[in-house]
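For reference, the chains in residue letters:
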Amino acid sequence: MSEYAVDMAALSEKIQQSSSFIDDIHKELDKVVIGQKYMIDRLIIGLLTNGHVLLEGVPGLAKTLTISSLATVIDTEFQRIQFTPDLLPADLIGTLIYNQKKGDFFVKKGPIFANIILADEINRSPAKVQSALLEAMQEKQVTIGEESFKLEEPFLVLATQNPVEQEGTYPLPEAQIDRFMLKLKVDYPSPSEELEIMRRMAKTGTKPTLNRVVDPVTILEARKVINEIYMDEIVEQYIVDLVFATRRPAEYGIAELEDLISFGASPRATINLNLAARAQAFMEHRAYVTPEDVRKVSLDIFRHRLIPTFEAEAEEISAEEIVQKVMNNIQVP
């Protein structure tokens, strides 16, 4: 018997009870956000796995509305920070202020001290500001002067990038992008969803009131439960095969990708694919992970970690297309 063998009946009941709030979150967000289920699901995965999310999409796709609404329904503090070329690290994390009366310095904390941070248009700020944010994401603490401050859990950074305008922007280096668990490509709504958006939003007056359906303590408890979700060794091997196929495609029968991949996915991809697949199973109220759970989240895990070669760019082959070829060629258990 495997060392991972568990009492599935008891675990299934525990997962059913622990994950019930997922449906409540969706129900509340449906009041103000039309469509965008993909984005909402991925934000919840980030919340459940303590992983930060990078969103890329043109303006007007309800990114800010969705994130602020999520913060409301889970009863957490929300801060939106507009990244601009003149933003300083102190504007983000805080600074020391001199008190003339007492003749000493006191700490003025910045907007980073919240539970959910929306870093709007992160690529519009210089490297120093991006580094300050990414350090807070990684260390879960901020140092101001000689004192370090722990950031309160849950702490989640949701950063947006505008893919339309590149002039005057500071693209995130690949090594820094790797710290984001997921990178989402947020697309336009369908015609039926856009019709509903027009009917609901093209009105003046009061907006729907969102109820708080879950508290931060429940979120933190859910993270512990997710660790108990059963993942078979076959599924674990499938994850490793997907990651290694991006590094050594010829060994996996896809030699045509050798000249298209400059760098494959990092070990963070392996870890995050495991976590995201568990969270996907949790959202579907299941006590075990299936290969389909892995496939559902793979593109969002890989898209920013796989670096195409100049040859791939010259042929207009994107990282997403390469990932799709890898997934199509690795046998699903």
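Everything below is about the structure printed above this text.
Here is what the cut-offs are and how they apply
- Residues numbered from 1 in each chain as written.
- Predicted model: local features only at pLDDT ≥ 70, side-chain atom pairs only at ≥ 80, totals over all residues.
- Heavy atoms only, no water.
- Helix = DSSP H or I, 4+ residues; strand = E, 2+ residues; numbered from the N terminus.
- Buried < 20%, exposed > 50% of the residue type's maximum accessible area, 1.4 Å probe, protein only.
- Polar contact = N/O pair within 3.5 Å; in protein donor to acceptor, adjacent residues only side chain to side chain.
- Expected span 1.5 Å × (residues − 1).
- 1 Å grid on protein atoms, 1.4 Å probe; cavity = no way out; pocket = protein on both sides within 12 Å on 5 of 7 lines; lining within 4 Å.
- Points joined across faces, edges and corners; volume = space filled by probe spheres on them.
- Nonpolar A, V, L, I, M, F, W, Y, C, P; charged D, E, K, R; others polar.
- Pairing = 2+ DSSP bridges.
- Axes fitted to C-alpha atoms, helices over the stretch in contact; angles between N-to-C directions.
- Contact = heavy atoms within 4.5 Å.

Let's talk about the environment of serine 190
Reasoning step 1: Within the secondary structure, serine 190 sits in the loop between strand E9 (182-185) and helix H8 (191-201).
Reasoning step 2: We classify serine 190 as partly exposed; its relative accessible area is 28%.
Reasoning step 3: Sequence separation between serine 190 and threonine 49 is 141 residues, and the spatial gap between their C-alpha atoms is 29 Å.
Reasoning step 4: Side-chain polar atoms of serine 190 contact the side chain of serine 192, separated by 3.2 Å.

Focus on helix H3 (residues 37-49)
Reasoning step 1: Taking 1.5 Å of rise per residue, the 13 residues of H3 would be expected to cover 18 Å, and the 18 Å separating its terminal C-alpha atoms lies within 8% of that figure.
Reasoning step 2: A large share of H3 lies buried, amounting to eleven of its 13 residues.
Reasoning step 3: Turning to H3, its buried residues number three or more, namely Met39, Ile40, Asp41, Arg42, Leu43, Ile44, Ile45, Gly46, Leu47, Leu48 and Thr49.

Section: the layout of surface pockets
Reasoning step 1: Looking at the largest pocket, its volume works out to about 670 Å³.
Reasoning step 2: Every residue lining the largest pocket is counted, 22 residues in all, and those nearest its centre are Glu56, Glu174, Ile177, Lys183 and Arg303.
Reasoning step 3: Every element with two or more residues in the lining of the largest pocket is listed here: helix H7 (174-177), E9, strand E11 (307-308) and helix H14 (319-329).
Reasoning step 4: In terms of residue class, the lining of the largest pocket is made up of nine nonpolar, six polar and seven charged.

Some words on the sheet that holds E9
Reasoning step 1: One open sheet accounts for five strands, arranged E2-E5-E8-E1-E9; its pairing is parallel. Both edges of this open sheet fall to strand E2 (78-82) and E9, since each of them pairs with a single strand only. With direction set aside, neighbouring strand axes in the sheet form an average angle of 20°.
Reasoning step 2: Examined bridge by bridge, strand E1 (residues 53-56) and E9 share four bridges and lie parallel to one another. Residue pairing across strands places glutamate 56 opposite lysine 185, the latter belonging to E9.
Reasoning step 3: Here helix H4 (residues 63-73) sits on the sheet in contact with E1, E2, strand E5 (116-120) and strand E8 (156-161), set at roughly 170° to E5.

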